[in-house]
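Chain and residue survey
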Amino acid sequence: MPVPRGLLASLAACSLTISALADTTAAAESARLPAVATPAQAETGAELYAGKCTGCHNADPGAGGQGPPLKGELFWTTWGGQSARKLYGMIISTMPANNPGSLSQADTLALVAFIMRSNGYPPGSNALTEPADLQGIVINRVTQ
Amino acid sequence: MKTLLACAAALGALAWCAGLSAQTPSPGGQWPSYGGNAWFQRYSPSDQINKATIGTLEVVWTRPTVDRLIIDKFPDLVPSNYNKGTPIMVDGVGYVSDALGLVEAFDGKSGQTRWVQKPLPFSMKDAAGQGTRGVAYWAAGADRRIIAQRGNFLYAINADTGEPVPGFGDAGKVFVRWPSSDPINYRTSSGPTIANDVIIIGGVGGSIDGGGTGDAGMHKEAVPENIRGYDVRTGHLLWTFHIIPDEGQPGHETWGKDSWRIVGDMGAWAPLSADPELGLVYVPLTAPTLSYYGGHRPGDNKWSSSLVALDTRTGRLVWGQQLVHHDMWDYDVASPPVLADITVKGKPVKAVIQVNKAGNLFVFDRTTGAPVWPIEERPAPPSTVPGEATSPTQPFPVQFPPIEQQGITDADLADFTPAIKAEARELVSHYVIGPIYTPPSVIDIGKGKLGTLEAPGVWGAGNWNNGAFDPETGIYYAVSRNLPDVFGLYKTGPEATIDYAVTNPRDVLAGTGFKPGLPSPITLASGLPVLRPPYGRISAYDIGAGKRLWTAPNGDDPKVRDNPALKGVKLPALLGNTGRGAPLVTRSLLFLADASDAVSGGAGIHDGARLRAYDKMTGQVVWQHDLPAGATGAPMTFMAEGRQYIIVPVGRAGVSAGWVAFALKSP
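Reading the values: the criteria
- Residues numbered from 1 in each chain as written.
- Chains lettered and ligands numbered in written order.
- Predicted model: local features only at pLDDT ≥ 70, side-chain atom pairs only at ≥ 80, totals over all residues.
- Heavy atoms only, no water.
- Buried < 20%, exposed > 50% of the residue type's maximum accessible area, 1.4 Å probe, protein only.
- Helix = DSSP H or I, 4+ residues; strand = E, 2+ residues; numbered from the N terminus.
- Pairing = 2+ DSSP bridges.
- Axes fitted to C-alpha atoms, helices over the stretch in contact; angles between N-to-C directions.
- Parallel < 35°, antiparallel > 145°, perpendicular 65-115°, else oblique.
- Contact = heavy atoms within 4.5 Å.
- Expected span 1.5 Å × (residues − 1).
- Arc of directions from axis to C-beta.
- Phe/Tyr/Trp six-rings, centres within 6.5 Å; stacked < 30°, edge-to-face > 60°.
- 1 Å grid on protein atoms, 1.4 Å probe; cavity = no way out; pocket = protein on both sides within 12 Å on 5 of 7 lines; lining within 4 Å.
- Points joined across faces, edges and corners; volume = space filled by probe spheres on them.
- Nonpolar A, V, L, I, M, F, W, Y, C, P; charged D, E, K, R; others polar.
- Left-handed = near helix turned anticlockwise from the far one by under 90°.
- Polar contact = N/O pair within 3.5 Å; in protein donor to acceptor, adjacent residues only side chain to side chain.
- Core = buried A, V, L, I, M, F, W, Y, C linked by side-chain atoms within 4.5 Å.

**Quick notes on the pairing of strand 19 (residues 306-311) of chain B**
Residue and element names in this part refer to chain B.
- Most of strand 19 sits inside the fold, with 6 of its 6 residues counted as buried.
- Of the two faces of strand 19, the one lined by Ser306, Val308 and Leu310 and the one lined by Leu307, Ala309 and Asp311 are each fully buried.
- As judged from the 5 bridges shared by strand 18 (residues 280-284) and strand 19, these two strands associate in the antiparallel manner. By the bridge assignment for strand 19, Val281 is matched with Leu310.
- Taking the residues between adjacent antiparallel strands as the criterion, strand 19 and strand 20 (residues 317-322) are bridged by 5 residues, where Gly315 takes a positive phi near 80 degrees.

Here it is as structure tokens:
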């Protein structure tokens, strides 16, 4: 259900960072970011996220919940400057919280693809096939 | 150490070991339970580190969250920075659940590794995991065991070698996941408790909405995480206590519409405590599905959000006290029950002190469950949500002021400047506010109402971190935080099995529609909290005298202090923070560290975390020291070869998480 624009406008001045605003900025920045994974791989990641992650991280990956936000300001605060391979490592080593060790390499790569896409990294034409594919990708903060 | 060994020899090993896990606060400067002792007092009589000497306290060693033996084997192994584990310390050797949930043993004086529990098989898949807040120690003669939980298993490990104990379950481990066709795994964030040779475990519970947590979601169907007792020698299941009473059991009648058959997500994820002399274990229980809407479960819903006392040997319910009726706020009993022998009006009382997320402090006779101080059932506001079945009253422990702000009024809103106050008023005008137990409300966009802004919020005033008791003074130290959340409900669609679900206010504000989520905080445009400081407190209560002695901020929050919107504004010396720092009390001092934002929920300190020592009679800060990251678990203290140490678990992304040990500078 959409929020009426009038109400949204009045709340935007006195509320949380609006994710839609962040998304717009992210879209403008994404042209300068390296492509990560493919659209299909990111979509697979989105489906996995919906099935395995939302209970703690919320349906919106930027919202956070029992788990931290995986998109936006708090994500960059945590992960900015670190390698995407480390993000892969964190996920496959500790997630999901109620069954660590259950994610396959392929599933974890798809989740990384989804998270990177959520943070403004455009999908490209090369699928991630192994963790080493993420080695040189540094998670950079999208300028706001 | 020599004294300890002589003592052990004189008393006999068995008697000594019984003493280790019994009530005496940290006997001989040890720390045999992650709560300090079985009573979970987080107290030590050690006082080498005191107000006069603390000036020379320094970091003497650190160790990483996972030993290199494991990390070096698997290049993609990245442990969580939520380093929960508080070490136990027995005869100078520390035992702790590392950030992967594997038990590590280390030398207390140097921090050097003795052994590491190896994942079996030794593979990346089996190395993956998460830590717990603590492990348990048990011994009979030369048979010394560390009992730990990891994933779906309960482990018995040889305390001397780190090898599995043969004869305990299947080659040293017991599978504890419920037999079920659904995909819900067993999960705990705390650890096992041992009393009377019985291992007692709680657990998080879970729902089909995933994550091992059913707080969010659109489904009422879930698993209750019943409490279980296992033989510490064999690993055999001895008993199961059904936290949702079966037919014929007391409390069964409090689940209307046959909801007892399907509701779950209840459990005890906070630490348990035990009195081996009385043969009782004290279990703090949580809210049922859905934590914010209960139209499908009319009634009080016992034993949700309750404290129950069980016979350690049989699991029989000895007594129970429900602290929130028909919970609609996720006001779990989430703090460890703290046992204390006190004197009330000249009479000795065996008490249990229990704080809940709502911020109330209850004291019961731990033998009978009778309230030590009066509890009044007072009217609570009715819900406006269709189908909801609000309890007309809630229990108020009237003797003690709550440990934290309850409810929200205009006077509570941020008022650093007139402009900030005006902004806070405008923001809050879109939410229902009121006293404690103001029910969640349905979002009505047309009327500009976006739910109920509730204090305490979903993470509660008192959480797992809460509470320490000084048996010498009879003072209980509560640690709380003031973090309100928005409880905004929406009518679900056909994909749901529950009529109303809670959604994240961020989604509402962004206009991205209603999706099931968790209640979450709102902030001003500058990022400032919507309420006035302090954002967290320490409160000292004389439990026997029935009065609060003092309150003080629980630390500071650099994120608020350095906010550009506050430039030129004179601020208090300490603002408090919304982290979940855990206290440690010694004969001389009260210690509390700023808690990290690496913990679940993310509230806490990112930069500038400190460990502080407080005068425990006044709340004045007498010492502070920078930490490499905020605390992620509770601190502990012990003596080794005449030197007192304090260990703090810390963690934050981007810095090396681990354990930091302090001691006085050597002369």
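Next, the rest of the story.
**Thoughts on the packing of helix 3 (residues 39-52) of chain A against helix 7 (residues 105-118) of chain A**
All names here are of chain A.
- Look at helix 3 against helix 7: their axes get within 7 Å of each other, and the N-to-C directions meet at 100 degrees. Judged on the interaxial angle alone, helix 7 and helix 3 are roughly perpendicular. On helix 7, the residues that touch Pro39, Gln41, Ala42, Glu43, Thr44, Gly45, Ala46, Leu48 and Tyr49 of helix 3 are Asp107, Leu109, Ala110, Leu111, Ala113, Phe114 and Arg117.

**Description of helix 3 of chain A**
Residue and element names in this part refer to chain A.
- Along its 14 residues, helix 3 runs 20 Å from first to last C-alpha, staying within 8% of the 20 Å computed at 1.5 Å per residue.
- For helix 3, every residue scored as buried is listed here: Gln41, Ala42, Gly45, Ala46, Leu48 and Tyr49. In a view along the axis of helix 3, the buried residues occupy a sector of 165 degrees, so they form one face of it. In helix 3, the exposed positions that point more than 90 degrees away from the buried face belong to Ala40, Glu47 and Gly51.
- Among the structural elements, helix 4 (54-57) and helix 7 are those in contact with the buried residues of helix 3.

**Here's the deal with the packing of aromatic side chains**
- Evaluated as defined, the whole model comprises 22 aromatic pairs over all chains.
- An angle of 40 degrees between the planes, with centres 5.1 Å apart, marks the rings of Tyr49 of chain A and Phe114 of chain A as tilted. Separated by 65 residues along the polypeptide, Tyr49 of chain A in helix 3 and Phe114 of chain A in helix 7 bring together distant segments of the chain. For the pair Tyr49 of chain A and Phe114 of chain A, one class covers both residues: buried.
- Taken together through their ring pairs, the aromatic side chains of Tyr282, Trp319, Phe362 and Phe364 of chain B make up a single cluster.

**Here's the deal with the side chain of Gln394 of chain B**
Residues and elements named next belong to chain B.
- Summarising the element assignment, Gln394 is placed in strand 25 (residues 393-397).
- On the accessibility criterion, Gln394 (1% relative accessible area) is buried.
- Each residue touching Gln394, except ones within four places of it in the same chain, is listed here: Val324, His325, Trp329, Glu376, Glu377, Arg378, Ala380 and Tyr437.

**Here's the deal with the layout of surface pockets**
Residue and element names in this part refer to chain B.
- Looking at the second largest pocket, its volume works out to about 790 Å³.
- Lining the second largest pocket are 41 residues, and of these Asp126, Arg150, Gly151, Phe153 and Tyr155 lie nearest its centre.
- Top contributing element to the lining of the second largest pocket by residue count: strand 9 (residues 153-158), with 4 residues.
- Per-class residue counts for the lining of the second largest pocket are 15 nonpolar, 18 polar and 8 charged.

**Considerations on the environment of Phe396 of chain B**
All names here are of chain B.
- Summarising the element assignment, Phe396 is placed in strand 25.
- When its relative accessible area of 14% is taken as the criterion, Phe396 is described as buried.
- For the pair Phe396 and Phe362, spaced 34 residues apart in sequence, the C-alpha separation works out to 8.7 Å.
- The contact partners of Phe396, leaving out residues within four places of it in the chain, are Pro374, Ile375, Glu376, Arg378, Ile436 and Tyr437.

**What to know about the packing of helix 6 (residues 84-94) of chain A against helix 7 of chain A**
All names here are of chain A.
- Across the interface, helix 6 lies against helix 7 with an axial gap of 10 Å and an inter-helix angle of 125 degrees. Judged by the angle between their axes, helix 6 and helix 7 are oblique. The handedness of the crossing between helix 6 and helix 7 comes out as right-handed. For the pair helix 6 and helix 7, contact is made by Ala84, Leu87, Tyr88, Ile91 and Ile92 and by Gln105, Thr108, Leu109, Leu111, Val112, Ile115 and Met116, respectively.
- Of the residues belonging to the contact of helix 6 with helix 7, the class tally is 10 nonpolar, 2 polar and no charged.

**What to know about the sheet that holds strand 3 (residues 88-90) of chain B**
Residue and element names in this part refer to chain B.
- Spatial ordering of the open sheet is given by 3-4-5-6, a layout of 4 strands whose pairing is antiparallel. Pairing within the sheet leaves two strands with one partner each, and these edge strands are strand 3 and strand 6 (113-116). If you compare each strand with its neighbour and ignore which way they point, the axes differ by 20 degrees on average.

**Things to note about the environment of Gln624 of chain B**
Residue and element names in this part refer to chain B.
- With respect to the helices, strands and loops of the structure, Gln624 is situated in strand 37 (residues 621-626).
- When its relative accessible area of 37% is taken as the criterion, Gln624 is described as partly exposed.
- Here the alpha-carbon distance between Gln624 and Arg114, two residues 510 residues apart in the chain, equals 31 Å.
- Other than its neighbours up to four places away in sequence, Gln624 contacts Arg610, Leu611 and Arg612.
- Looking at Gln624, its side chain comes within polar contact range of the side chain of Arg610, at 3.2 Å.
- Here Arg612 takes part through its side chain, which lies 3.1 Å from a polar atom of the side chain of Gln624.

**Topic: the side chain of Asn463 of chain B**
- Residue placement: Asn463 of chain B occurs in the loop between strand 27 (452-454) and strand 28 (468-470).
- Dropping the residues within four chain positions of it, Asn463 of chain B is found in contact with Trp269, Ala334, Ser335, Pro336, Lys357 and Arg580 of chain B.

**A word on the nonpolar core**
All names here are of chain A.
- Counting 33 residues, the largest nonpolar core has Val36, Leu87, Met116 and Leu134 as its most contacted members.
- The element best represented in this core is helix 7, accounting for 8 residues.
- With residues near it in sequence (within four places) discarded, Val36 still touches Met116, Tyr121, Pro122, Pro123, Gly124, Leu128, Leu134 and Ile137.

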